[in-house]
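Breakdown of the fold
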Amino acid sequence: MRRTAVERRRLPAVRRGETAFAVLGLPLGVLGGVYAVAVLYAGVLLSLTVLGLPFLVAALLGARRIGGLHRWLVGRLLGEAVPAPPPLPRPSGVLARGRVVLTDPVAWRVLLYLVLRLPLGAVGFLAAVGLPLGALWLVGFPLWLRLMEPGPRPFGWLDLGAIPVGVLLLAAVPAVLRALSRANRALARTLLGPVRSQQRVRELESARATLLAENTDRLRRLERDLHDGTQAQLVALAITLSLADDALLDPGAPDLGRLRTLVDRARGQTDDTIAGLRRLTRGIHPVALDGGLAEALPGLTATSPVPVAVRLDLRERPDEVIERAVYFCAAELLTNVAKHSDARSAELTARAADGRVRLTVRDDGRGGAAIGAGTGLAGLAERLAAVDGVLRVDSPTGGPTVVSAELPCRL
């Protein structure tokens, strides 16, 4: 009984929006299909006249607005957030604007969506309305037959077969609606969103903004560390040397004990300043990366409080920018393992071959990690996106957690 209840809970349920979307599919599909066919047909007929191009421009602008309506419906009823394409550029001049509209791939893709939406809408309407009605008619077939033909009638095989067929059809309605919803989501993602080139430009703009913000923040931290740390240490060193110089210029016999104390203090301040400068330069470019990831990653795992097994397969050396991104990604992931996972052991795997670099960090901790859950994974994903990298997290509750980053070897 318990197993059956669990299996029932795991079955995906049909959302109300999916049923509403299927019911609205036929009227919206007919209207959209008629609009698309009319635009194409009238555009061809009027292409040789003066009205042809203005009509087509107006129709394509209308198609963009219809695409926005369908994106809203898909997001509202099917829960699929389709990103809106960028607005059309507005060059100066009527002819230039008309050329931009006529060559707009978004509007033409919306027309294709409207044509394909018509058969899907008809099938969806049949699944949401026709199948349940047909199933109810089959289940009640013996009753309907006797109501239409009064008088005694024997209960035959046709009466017995109609009922289970009707029940099967009624049970198949949710599965059909879910399959049609998946098809509608895929169609909307493919044809109603920005084209691949536009999406790529948007991703690059977002990655550039993230990279600029990160570099600005890093420069500010470096300036603050230099001002509050290294500069203060150098000022203290200068004061100590000035005190030593005053002791040497004493008209009487110099106090050797005081001089030794000042020299020892100056030596300690010099060592602290050098260590601080090394720490700052390590944040800009880790010295361990001079020998590549094969030398840097084992040294990084050696400092982890959680025992980390290292497995490397670095057949080719990536670009310096990629190596730095992989190194800092590994450092961030190992820090998360030590701070948040309660893991007893971890494993770091790095592979560079066939033009791709793949870094995987696995731990046996409590799990539950997710991008945006407050462990810095969201920022790490944004930094990887700046170099065309992708971050994936698989961390069920109770563990284990597997975080992988995949980047190109060359930008």
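All values derive from a computational prediction rather than experimental measurement.

Scanning the model with the defined rule gives 13 salt bridges in all. In this structure, Asp 104 and Arg 64 form a salt bridge, with 2.6 Å as the shortest nitrogen-oxygen distance. With Asp 104 in the loop between α4 (94-102) and α5 (105-139) and Arg 64 in helix α3 (residues 52-77), the pair connects residues that are 40 residues apart, well separated along the chain. The same class applies to Asp 104 and to Arg 64, which are both buried.

Turning our attention to the side chain of Ser 304. With respect to the helices and strands, Ser 304 occurs in the loop between α10 (293-302) and β1 (308-314). Ser 304 gets classed as buried once you look at its relative accessible area, which sits at 17%. Among the polar contacts made by the side chain of Ser 304, one reaches the main-chain carbonyl oxygen of Val 306 at a distance of 3.1 Å.

This part covers α3. Its 26 residues give α3 an end-to-end C-alpha distance of 37 Å, which sits within 8% of 38 Å, the value for a rise of 1.5 Å per residue. With its phi angle positive at about 70°, Gly 79 sits one or two positions after the end of α3.

In this sheet, strand β2 (residues 346-353) lies alongside β1 in parallel orientation, the contact comprising seven bridges. Paired with Leu 314 across the bridge in β2 is Ala 352. Strand direction decides the pairing type here: β2 and strand β3 (residues 356-363), joined by eight bridges, are antiparallel. Considered in β3, the bridge of Arg 351 is made with Arg 358.

A separate point is the nonpolar core. Counting 33 residues, the largest nonpolar core has Leu 348 and Leu 407 as the members making the most contacts within it. Looking at which element gives the most residues to this core, the answer is helix α11 (residues 320-340), with nine residues. When near neighbours in sequence (up to four residues on either side) are disregarded, Leu 348 contacts Leu 297, Thr 301, Val 308, Ala 309, Val 310, Arg 311, Leu 312, Ala 330, Leu 334, Leu 359, Thr 360 and Val 361. By size, the runner-up hydrophobic cluster in this structure holds 23 residues, among which are Leu 56, Val 57, Leu 78 and Val 110.

Among the eight residues in strand β5 (residues 401-408), six count as buried, and that is most of the element. Where β3 meets β5, eight bridges bridge the pair, whose relative direction is antiparallel. Considered in β5, the bridge of Arg 356 is made with Pro 408. When strand β4 (residues 390-394) meets β5, the two strands line up antiparallel, connected through five bridges. From the neighbouring strand, Val 393 faces β5, where its bridge partner is Val 403. Taking the residues between adjacent antiparallel strands as the criterion, β4 and β5 are bridged by six residues, where Gly 398 takes a positive phi near 95°.

Our next topic: helix α12 (residues 377-385). The complete set of buried residues in α12 reads Leu 377, Leu 380 and Leu 384. The buried residues of α12 occupy one face: seen down the axis, they fall within an arc of 55°. Of the surrounding secondary structure, the elements contacted by the buried residues of α12 are α11, β4 and β5.

Next up on the list: the packing of α3 against α4. Helix packing for two helices is described by the angle between their axes and how far apart those axes are. At their nearest, the axes of α3 and α4 sit 9 Å apart, and the two run at 55° to each other. Classified by the interaxial angle, the pair formed by α3 and α4 is oblique. The handedness of the crossing between α3 and α4 is left-handed. Contacts between α3 and α4 involve Leu 53, Leu 56, Val 57, Leu 60 and Leu 61 from the first element and Gly 98, Val 101 and Leu 102 from the second.

Take the sheet that holds β5 next. Taken in spatial order, the five strands make up an open sheet running β1-β2-β3-β5-β4, and their pairing is mixed. Two strands lie at the open edges of the sheet, namely β1 and β4, each paired on one side alone. Shown here is a sheet whose adjacent strand axes are inclined to one another by a mean of 10°, direction ignored. Against the sheet, α10 contacts β1 and β2, and its axis sits at roughly 175° relative to β1. Seen against the sheet, α12 touches β4 and β5 and runs at an angle of roughly 150° to β4.

Take the confidence of the model for the protein chain next. Mean pLDDT over the protein chain: 78, with 77% of residues reaching 70 or higher. Within the protein chain, the element-level pLDDT minimum falls on helix α1 (residues 2-10), averaging 40, and the maximum on β3, averaging 92. Low pLDDT (under 50) marks residues 1-11, which in the prediction has zero contacts with non-local residues, meaning those over four places away or in another chain.

Attention now goes to the packing of helix α2 (residues 16-45) against α3. Contact geometry for α2 and α3: axes closest at 11 Å, N-to-C directions at 170°. The orientation of α2 relative to α3 falls into the category roughly antiparallel. Touching Gly 17, Glu 18, Ala 20, Phe 21, Leu 24, Leu 28, Tyr 35, Val 39, Ala 42 and Gly 43 of α2 are Phe 55, Leu 56, Ala 58, Ala 59, Gly 62, Ala 63, Ile 66, Leu 73, Val 74 and Leu 77, all from α3. A per-class count over the contact of α2 with α3 returns 16 nonpolar, three polar and one charged.

Among all residues save glycine, negative phi is the norm, and among peptide bonds the norm is trans. One non-glycine residue, Asp 342, lies in the positive phi region at around 55°. Here Asp 342 shows up in the loop between α11 and β2. The phi dihedral of Asp 354 is positive, around 55°, even though this residue is not glycine. Mapped onto the secondary structure, Asp 354 falls in the loop between β2 and β3. Since its relative accessible area comes to 69%, Asp 354 is described here as exposed.

With that settled, the discussion passes to a nonpolar patch on the surface. Side chains of Val 37, Tyr 41, Leu 45, Leu 112, Val 115 and Leu 116 sit close together on the surface and give an oily, nonpolar patch of about 560 Å² of accessible area. With respect to the secondary-structure elements, Leu 116 resides in helix α5. On the basis of relative accessibility, which here comes to 37%, the residue Leu 116 falls in the partly exposed class.

Conventions we followed
- Residues numbered from 1 in each chain as written.
- Predicted model: local features only at pLDDT ≥ 70, side-chain atom pairs only at ≥ 80, totals over all residues.
- Heavy atoms only, no water.
- Salt bridge = Lys/Arg side-chain N within 4 Å of Asp/Glu carboxyl O.
- Helix = DSSP H or I, 4+ residues; strand = E, 2+ residues; numbered from the N terminus.
- Buried < 20%, exposed > 50% of the residue type's maximum accessible area, 1.4 Å probe, protein only.
- Polar contact = N/O pair within 3.5 Å; in protein donor to acceptor, adjacent residues only side chain to side chain.
- Expected span 1.5 Å × (residues − 1).
- Pairing = 2+ DSSP bridges.
- Core = buried A, V, L, I, M, F, W, Y, C linked by side-chain atoms within 4.5 Å.
- Contact = heavy atoms within 4.5 Å.
- Arc of directions from axis to C-beta.
- Axes fitted to C-alpha atoms, helices over the stretch in contact; angles between N-to-C directions.
- Parallel < 35°, antiparallel > 145°, perpendicular 65-115°, else oblique.
- Left-handed = near helix turned anticlockwise from the far one by under 90°.
- pLDDT = per-residue confidence, 0-100.
- Nonpolar A, V, L, I, M, F, W, Y, C, P; charged D, E, K, R; others polar.
- Patch = residues over 30% accessible without salt bridge, like charges linked within 9 Å, V, L, I, M, F, W, Y side chains within 5 Å.
- Areas by Shrake-Rupley, 256 points an atom, 1.4 Å probe, with all protein chains shown as cover.

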